[in-house]
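# Coordinates in review
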2 protein chains.
Amino acid sequence: MPNPMFEIETNPHSNVRHIVAVMSGKGGVGKSLVTSLLSTSLRKKGYSTGILDADITGPSIPKMYGIHGPVEVTEDGSYPKKASDGTGIMSLNLMIAEDQPVIWRGPVIGGTVKQFWTDVMWGDLDYLIVDMPPGTGDVPLTVFQSLPIDGVIVVTSPQDLVSVIVAKAMKMAKLMKIPVLGIIENYSFMSCPHCGKPISVFGESRVDATAEGTGIPVLAKLPIDPGFAALVDEGRAFDIDLTLDEAVKVLEKL
Amino acid sequence: MPNPMFEIETNPHSNVRHIVAVMSGKGGVGKSLVTSLLSTSLRKKGYSTGILDADITGPSIPKMYGIHGPVEVTEDGSYPKKASDGTGIMSLNLMIAEDQPVIWRGPVIGGTVKQFWTDVMWGDLDYLIVDMPPGTGDVPLTVFQSLPIDGVIVVTSPQDLVSVIVAKAMKMAKLMKIPVLGIIENYSFMSCPHCGKPISVFGESRVDATAEGTGIPVLAKLPIDPGFAALVDEGRAFDIDLTLDEAVKVLEKL
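Structural notes, computed from the coordinates.

## Topic: the overall build of chain A
Of regular secondary structure, chain A possesses eight helices and eleven strands. For chain A, the C-alpha radius of gyration of 17 Å lies close to 18 Å, the compact-globule estimate for 254 residues. Considered along the principal axes of its C-alpha atoms, chain A spans approximately 60 × 40 × 40 Å. Put simply, 79% of the contacts in chain A that link residues at least 6 apart link residues at least 24 apart. With an accessible surface of roughly 9500 Å², chain A has 52% of that area assigned to carbon and sulfur atoms.

Here it is as C-alpha cells:
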C-alpha cells in the first residue's frame, strides 16, 4: 500500500477508480505490449482506460499508439493525449523531442512520474494502467510509495534468466505490500509461419512452475507473433487481436 | 570524455588498458549477450577481459556465466569473480542473495557502480566491458562521467520502436562526448529449425538504415537462435559459437 508519508495529491480533475502497474524487473519482455493489451481488453468490455507511461528514459507507448506531442497544457494541468482508440496517454515522449535522451538523475525522473499523477487531468477513468520501467529503482519505488496502486501485473518470458529478475520484482511488490494480481508470460510459444511447426525461441514456457506455490494466477501466455511487432511499429497496438480475458476478470474484481 | 570534476580514482590493483560500455537505451535487446560475445571474441584472440555488470537492479551476467557470490573481499578491495572461461566479473548479484530486489534510489545505485571501479581489484586487463542498464538515467550518466570510457557499442534490434530509443542512447553518448564505436543488431534474422525458411520475428533488419549517415559502422547482425538462450540459461554464455570479428578489429584500434 502507498505510504501515507509519501502519498501525493490526485489532480482534482481526475477521477480514477483503479490503478494497476505493469512491471517485470527485466527490460524487453513485453511490459508495454501487455499494457496496451490490458487497455484494449478493458475497452472491449466498455471500460474507460488511460496509460501512464512511467518509463521516462525509454518510453514506448506513444509510438505504439501512433501519437505525438505536444500535449495540451492549461492552468489546471495537462490533458492526456487521446489515442485513436480513445485511450488517454501521458508520456514524456509527448513533452520532448522524440529522439532526445533524458539524461536525468533518479530523483528528477521520480518527480516526473509524480507529476504525471498530480498535474495530469486524467478525467473519469475506470482503469489507469502504469507502464513501469525495467528494474526496481527510483521509478517503481516512487510509483509504489506515491500512487494509490491497487495491484501489479508481472510480465515474464520463458528464459530462466528472466525468471530470476522477475522474482526480484515480485519480492519488491511484496516488501511494499502491493498485491501481485497475476503473471503474464510473453514470448511463450511460436509456430513457423511457413511449416506451422512449433519453435521454442527463448526456451520452453515455465511460467506455471514460476507461479506454483505463490498463489499468484497465470493470466495469459502470449505467442511470439511477427504480426504484433508490425502493428506496434505502425502505431496500431490497439488493433492486435488478442483479448486478455483472465486478466480482465481479475481487474473487474478490484 | 569523463568530466575531470567527476572522474574517480582507479583502484591501485587495477591496470585496465581499455574500457568499453555496451548500451542500448531499451531493455531486452541483448546488451548482456553482446557483452559476453565481446569478451569471448577478445579472449579467443588472446586478450584478457573483465565484465563490470552496471545493471544493478537487473543483473544478468553472473547467471549467464554460471557464477555465484560471495566475492572475496580484502582490505585493499574486492576481487572480481573468475568465470570458468577466465573472465573476471563484478556484479551486485555476487554480493547479495540472487533473488533479492535492489530497491534503491538512483544516487545509491550510481554509487555502487563507482565502487565497482574504485573498490574492485581488476588486475591486469586488456579490456573491461561495462554492461549498462537500459535507459539513460543515473547509471549511464555516472559511468560516462566517472569512468575513463574509451567508447560505446550500441545494441539494437529490428523493431522500429527500438530504433527510436536507441537513437536516444546514441545522442546521450554524443552529448557526453563518448565515441560510439559501432552498432550491433541483435535478433536480426531467424530460420525455422524445421523447414529452414527465414522468419521475420521482430521485423526486417534495418540497422544499415539506422547507421546510414552517422558514420558509425555496423559491427554485427546477430541471429535469433534458440541455442543461445539455452546456453545462457545453462550459465555457458562463453560457449556460444559466434565471434564478433568486426567488433574486435575496432577494439584493437583503441
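## With respect to the pairing of strand S7 (residues 123-131) of chain B
Residues and elements named next belong to chain B. Burial within S7 is extensive, with seven of its nine residues counted as buried. The sheet contact formed by strand S1 (residues 14-23) and S7 spans eight bridges and is parallel. Opposite Ile19, over in S7, you have Leu128 as the bridge partner. Pairing of strand S2 (residues 49-53) with S7, which is carried by five bridges, proceeds in the parallel orientation. The partner of Thr49 across the bridge, within S7, is Tyr127.

## Focus: the interface of chain A and chain B
Chain A puts 59 residues into the contact, and the matching count from chain B is 59 residues. Together, the buried faces of chain A and chain B total about 4700 Å²; carbon and sulfur atoms form 61% of this surface. The residue B:Arg105 makes a salt bridge to A:Asp138 at a minimum N-O spacing of 3.2 Å. Put simply, chain A and chain B have 22 residue pairs in polar contact (both at pLDDT 80 or more) between them. Among the elements of the structure, helix H2 (61-64), helix H3 (106-118), helix H4 (138-146), helix H5 (160-175), strand S9 (180-191), strand S10 (198-199) and helix H7 (226-233) of chain A are those that each provide at least two residues to the side of chain A that touches chain B.

Rules of the game
- Residues numbered from 1 in each chain as written.
- Chains lettered and ligands numbered in written order.
- Predicted model: local features only at pLDDT ≥ 70, side-chain atom pairs only at ≥ 80, totals over all residues.
- Heavy atoms only, no water.
- Helix = DSSP H or I, 4+ residues; strand = E, 2+ residues; numbered from the N terminus.
- Rg over C-alpha atoms; globule rule 2.2 N^0.38 Å.
- Contact = heavy atoms within 4.5 Å.
- Areas by Shrake-Rupley, 256 points an atom, 1.4 Å probe, with all protein chains shown as cover.
- Buried < 20%, exposed > 50% of the residue type's maximum accessible area, 1.4 Å probe, protein only.
- Pairing = 2+ DSSP bridges.
- Buried area = accessible area lost by both parts, 1.4 Å probe.
- Salt bridge = Lys/Arg side-chain N within 4 Å of Asp/Glu carboxyl O.
- Polar contact = N/O pair within 3.5 Å; in protein donor to acceptor, adjacent residues only side chain to side chain.

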